[in-house]
Amino acid sequence: DQVKARKEASEAKTRFLAALEFLPDAVSIYDAERKLVACNSQTLKDFAPIAHLMAPGTLIDEILDGYREHIIMPGTDDMSSFSRQKIDDAMKDGISNNIAQYKDGRWILVNRYKTQDGGMFVYRMDVTEQKRTENALVESKRFMNDLLGTTREGFWHIDSEGNTVDVNPAMC
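Read on for a plain summary of the structure. Everything numeric in this text was worked out from a predicted model, so none of it was measured. (Residues numbered from 1 in each chain as written. Predicted model: local features only at pLDDT ≥ 70, side-chain atom pairs only at ≥ 80, totals over all residues. Heavy atoms only, no water.)

Moving on to the overall build of the chain. When its secondary structure is counted, the chain shows five helices and eight strands. Along the chain, helices and strands appear, N-terminal first, in the series α-β-β-α-α-β-α-β-β-β-α-β-β. Computed over its C-alpha atoms, the radius of gyration of the chain comes to 23 Å, more than 25% above the 16 Å expected for a compact globule of 172 residues. The principal-axis extents of the C-alpha atoms in the chain amount to approximately 85 × 40 × 30 Å. (Helix = DSSP H or I, 4+ residues; strand = E, 2+ residues; numbered from the N terminus. Rg over C-alpha atoms; globule rule 2.2 N^0.38 Å.)

Okay, here's the thing in structure tokens:
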């Protein structure tokens, strides 16, 4: 029965799309031709400036080209080429990831996975708070090193097991 098979396929697709909405992070799925198959509402929020492109059938290259002005990629002059290389890496190796910094201040971890049918599953997670914490720790360590390096008082940091962790020049 073709009618029954179509109905079952339609119901399965509906359940699948509903399941995507339970994920708190942005998810998108592309076919082997690199066309968008589906994405959840978080993806649409993340790509709000180009939401009109986030429709099934849109090539990932069009999405990248439309969104490149919203991303800062330290160490690369061409975000689109960088992203295309990451996609190629995922298609070749089965997985690729990177952290992208957005001009609005967000940091997004982008994970790309090759699917069995030659398509791609993309999972994007906001890691802004982790990056802020990491940056604050680096700055705190820099401040502490500067302070200990310039003070004339000796400083000797010992951990709970009695091991020397740090000693400033005045202590030596």
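Judged by pairing direction, the sheet is antiparallel, and its six strands sit side by side in the order E2-E1-E6-E5-E4-E3 without closing on themselves. What marks the edges here is a single partner per strand, and that holds for strand E2 (36-39) and strand E3 (71-72). Bridge count between strand E1 (residues 26-30) and E2: three bridges; the pairing is antiparallel. In the sheet register, Tyr-30 faces E2, and the bridge partner there is Leu-36. (Pairing = 2+ DSSP bridges.)

This brings us to the side chain of Arg-124. Among the secondary structure elements, Arg-124 is positioned in strand E6 (residues 120-126). A polar contact is formed between the side chain of Arg-124 and the side chain of Tyr-102, at a distance of 2.8 Å. When sequence neighbours within four positions are dropped, the list of residues in contact with Arg-124 reads Asp-25, Ala-26, Asp-46, Phe-47, Tyr-102, Ile-108, Leu-109 and Val-110. (Polar contact = N/O pair within 3.5 Å; in protein donor to acceptor, adjacent residues only side chain to side chain. Contact = heavy atoms within 4.5 Å.)

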